[in-house]
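# Remarks on the overall topology
Residues per chain are reported as follows:
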Amino acid sequence: MTDKLIIFDTTLRDGEQSPGASMTRDEKLRIARQLERLKVDVIEAGFAASSNGDFEAVQAIALAIKDATICSLSRANDRDISRAAEALKGANSARIHTFIATSPLHMEKKLRMSPEQVFEQAKQSVRFARNLVGDVEFSAEDGYRSEMDFLCRVVEAVIAEGATTINIPDTVGYAIPELYGNFIKTLRERVPNSDKAIWSVHCHNDLGMAVANSLAGVMIGGARQVECTINGLGERAGNCSLEEVVMAIKTRKDYFNLDLNIDIKQIVATSRMVSQTTGFVVQPNKAVVGANAFAHASGIHQDGVLKARDTYEIMRAEDVGWSANKIVLGKLSGRNAFKQRLEDLGVHMESEADINTAFAKFKELADRKSEIFDEDILALVSEESVSQASEQYAFVSLSQHSETGERPYASVVFTVAGKEVKADSDGNGPVDASLKAIESHVQSGAEMVLYSVNAISGSTESQGEVTVRLQNSGRVVNGVGSDPDIVVASAKAYLSALNKLQSKSDRVAAQG
Ligand code: KIV
Ligand code: ZN
């Protein structure tokens with residue numbers, strides 16, 4: 001058994017399945033480049049057959065990324081698998097990840113297939129995929145709630161057909177660490193050809209145990225691949241969090257004794273990029289990447305840390321990239337310094353013209369804000385990529401009046417398909433008035449299900465980053481906007497969400 005643990009990142013596939021976390025092709029490409037810097041072993045870039053957008057994203061990532069294996073999910077049918085193979089053409093190292101549900105509940109109620117039909121389809125799909133690529137992962141969806149005898153038969157058969165990785169998901173987050181670890185162990189002991197494949201764990205976080213279950217799958221079960229996402233993003237309560245699982249293995253090397261490829265210095269930058277791109281704010285007390293993860297508030301702790309850091313710190317903030325939080329640029333910084341900083345942050349711009357546009361925005365921001373942090377730059381370019389992706393609505397300017405005892409009033413100028421319009425409204429507060437003004441013109445009818453403001457770099461001089469989540473006809477989208485003026489940031493976020501609602505989605509759900 002090897003002592004190397006494979007880190008399989010599924011932020012761009014399972015993570016993106018969080019309602020509202022959908023990303024554009026360019027956003028996914030940017031995150032994939034950052035995942036490459038982080039040195040994950042496998043990037044699950046999407047589900048190529050689910051939509052044209054996902055196909056293009058997988059294709060673009062397969063062409064751009066050289067150092068990681070690029071993987072596409074596909075249901076267990078020839079059409080999905082062919083589509084995945086087509087999108088992966090051009091990858092240095094390609095993997096098809098095919099799955100079918102094996103639990104009695106899923107087979108009967110969701111698939112309406114008999115166990116025998118599922119068995120045959122699993123075998124035939126792996127055979128078909130192996131004719132297209134050499135690296136095929138098979139997942140038994142809802143594997144943890146499957147019957148052991150049946151699962152052993154399926155797994156033995158797909159390994160015989162050439163599956164190189166076997167993944168046993170806890171699809172609904174029902175597992176308990178010890179039980180899940182033993183489940184994987186029993187499977188590996190009972191499947192006669194189990195040594196011909198790498199075993200993988202994929203845990204959801206519904207009971208808050210995704211990381212613990214994954215680690216038990218590794219230590220008790222002998223799995224050597226963990227599927228995880230940045231910030232634990234994912235359906236419902238999310239997936240196993242990459243940063244937590246990686247730092248557990250690094251910090252407790254004495255216990256796990258496993259090697260990882262990951263460059264942990266890139267963890268915080270990756271977390272920020274995913275959070276700013278999706279609008280999913282990281283809770284302050286989140287392990288490793290939360291703003292308070294290394295902050296010592298109580299006097300006793302502060303005193304201890306000042307005397308000897310390891311009294312209260314088991315990891316060093318700078319080791320996971322927290323030291324990147326420093327003033328980097330200002331008003332006098334030139335285009336070259338800006339370009340270099342973008343590269344250091346893993347932001348790749350397609351053309352010089354894109355850099356010029358971003359630089360102009362940076363200068364505009366530097367005029368209003370004396371210290372520009374990495375977070376500001378990431379916010380600025382993520383806003384850039386959203387507005388490039390869909391240009392139906394774009395912010396131009398805003399004025400508003402609010403005074404104690406008077407009803408606030410706002411007037412917003414924005415473009416609709418390139419044409420400038422002006423809309424006015426009153427509201428409960430200046431933000432409410434601004435968004436009502438936009439809505440009075442657009443008439444999207446969308447319901448706002450979330451509004452949140454976050455200070456990007458921690459002081460009142462900071463930029464405000466606003467996330468607006470809208471829901472309309474069953475679709476949920478997030479819009480993100482940033483500006484030193486939070487009313488403007490709110491208007492930008494609202495317009496960005498409206499742009500996303502506009503773009504049609506013909507997506508097929510992975511677990512549908
Ligand atoms: O949770 C799950 O079962 C999945 C599979 C599609 C691998 O995401
Ligand atoms: Zn999943």
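The structure displayed is predicted, hence computed values, not measured ones.

## Digging into the coordination of the zinc ion (ligand 2)
With distances of 2.0 to 2.1 Å, the protein atoms coordinating the zinc ion (ligand 2) are Asp14 (OD), His202 (NE2) and His204 (NE2). The sequence motif formed by the donor residues of the zinc ion (ligand 2) is D-x187-H-x1-H. Linking Asp14 in the loop between β1 (6–9) and α1 (25–38) with His204 in the loop between β7 (198–203) and α8 (210–219), this pair joins segments that are 190 residues apart in sequence. For His204, a relative accessible area of 1% puts it in the buried group.

## Describing the domain arrangement of the chain
Put simply, an interface is often sized by how much accessible area is lost when its parts join up. Once the domains are mapped, the chain shows domain 1 (6–278) and domain 2 (387–502). Each of domain 1 and domain 2 has a C-alpha centre, and these two points are 37 Å apart. Between domain 1 and domain 2, the residue contacts involve ten residues of the former and ten residues of the latter. Summed over both partners, the interface of domain 1 with domain 2 comes to about 670 Å²; 44% of that surface belongs to carbon and sulfur atoms. Connecting domain 1 to domain 2 are zero salt bridges. Counting the contacts that link domain 1 with domain 2 gives three residue pairs in polar contact (both at pLDDT 80 or more). Counting residues per element, the ones that place at least two in the side of domain 1 that touches domain 2 are α1 and α11 (267–278). With three residues, the top contributor of residues to the side of domain 1 that touches domain 2 is α11.

## Quick notes on the packing of aromatic side chains
For the structure on display, the rule yields six aromatic pairs. When the ring of Tyr144 is compared with that of Tyr180, the centres are 5.7 Å apart and the planes differ by 70°; the resulting orientation is edge-to-face. Here Tyr180 lies in helix α7 (residues 177–190) and Tyr144 lies in the loop between β5 (136–141) and α6 (148–160), a separation of 36 residues in the sequence. For Tyr180, a relative accessible area of 0% translates into the label buried. Judged by centre distance (5.9 Å) and plane angle (25°), the rings of Phe359 and Phe362 are stacked. On the criterion of helical spacing, the pair formed by Phe359 and Phe362 is a turn pair, its members being three residues apart in helix α14 (residues 352–368). Pair check on accessibility: Phe359 and Phe362 agree, each one buried. An aromatic cluster of three or more residues is present, and its members are Tyr144, Tyr180 and Phe183. Between Arg83 and the ring centre of Phe55, over which it is positioned, the NZ or CZ distance is 3.9 Å. Here the guanidinium or amino end of Arg469 rests over the ring plane of Phe280, the centre of that ring lying 4.8 Å away.

About the criteria used
- Residues numbered from 1 in each chain as written.
- Chains lettered and ligands numbered in written order.
- Predicted model: local features only at pLDDT ≥ 70, side-chain atom pairs only at ≥ 80, totals over all residues.
- Heavy atoms only, no water.
- Donors = N, O, S within 2.8 Å, 3.2 Å for Na, K, Ca; no water.
- Helix = DSSP H or I, 4+ residues; strand = E, 2+ residues; numbered from the N terminus.
- Buried < 20%, exposed > 50% of the residue type's maximum accessible area, 1.4 Å probe, protein only.
- Domains from an automatic or database assignment.
- Contact = heavy atoms within 4.5 Å.
- Buried area = accessible area lost by both parts, 1.4 Å probe.
- Salt bridge = Lys/Arg side-chain N within 4 Å of Asp/Glu carboxyl O.
- Polar contact = N/O pair within 3.5 Å; in protein donor to acceptor, adjacent residues only side chain to side chain.
- Phe/Tyr/Trp six-rings, centres within 6.5 Å; stacked < 30°, edge-to-face > 60°.
- Lys NZ or Arg CZ within 6 Å of the ring centre and 35° of its normal.

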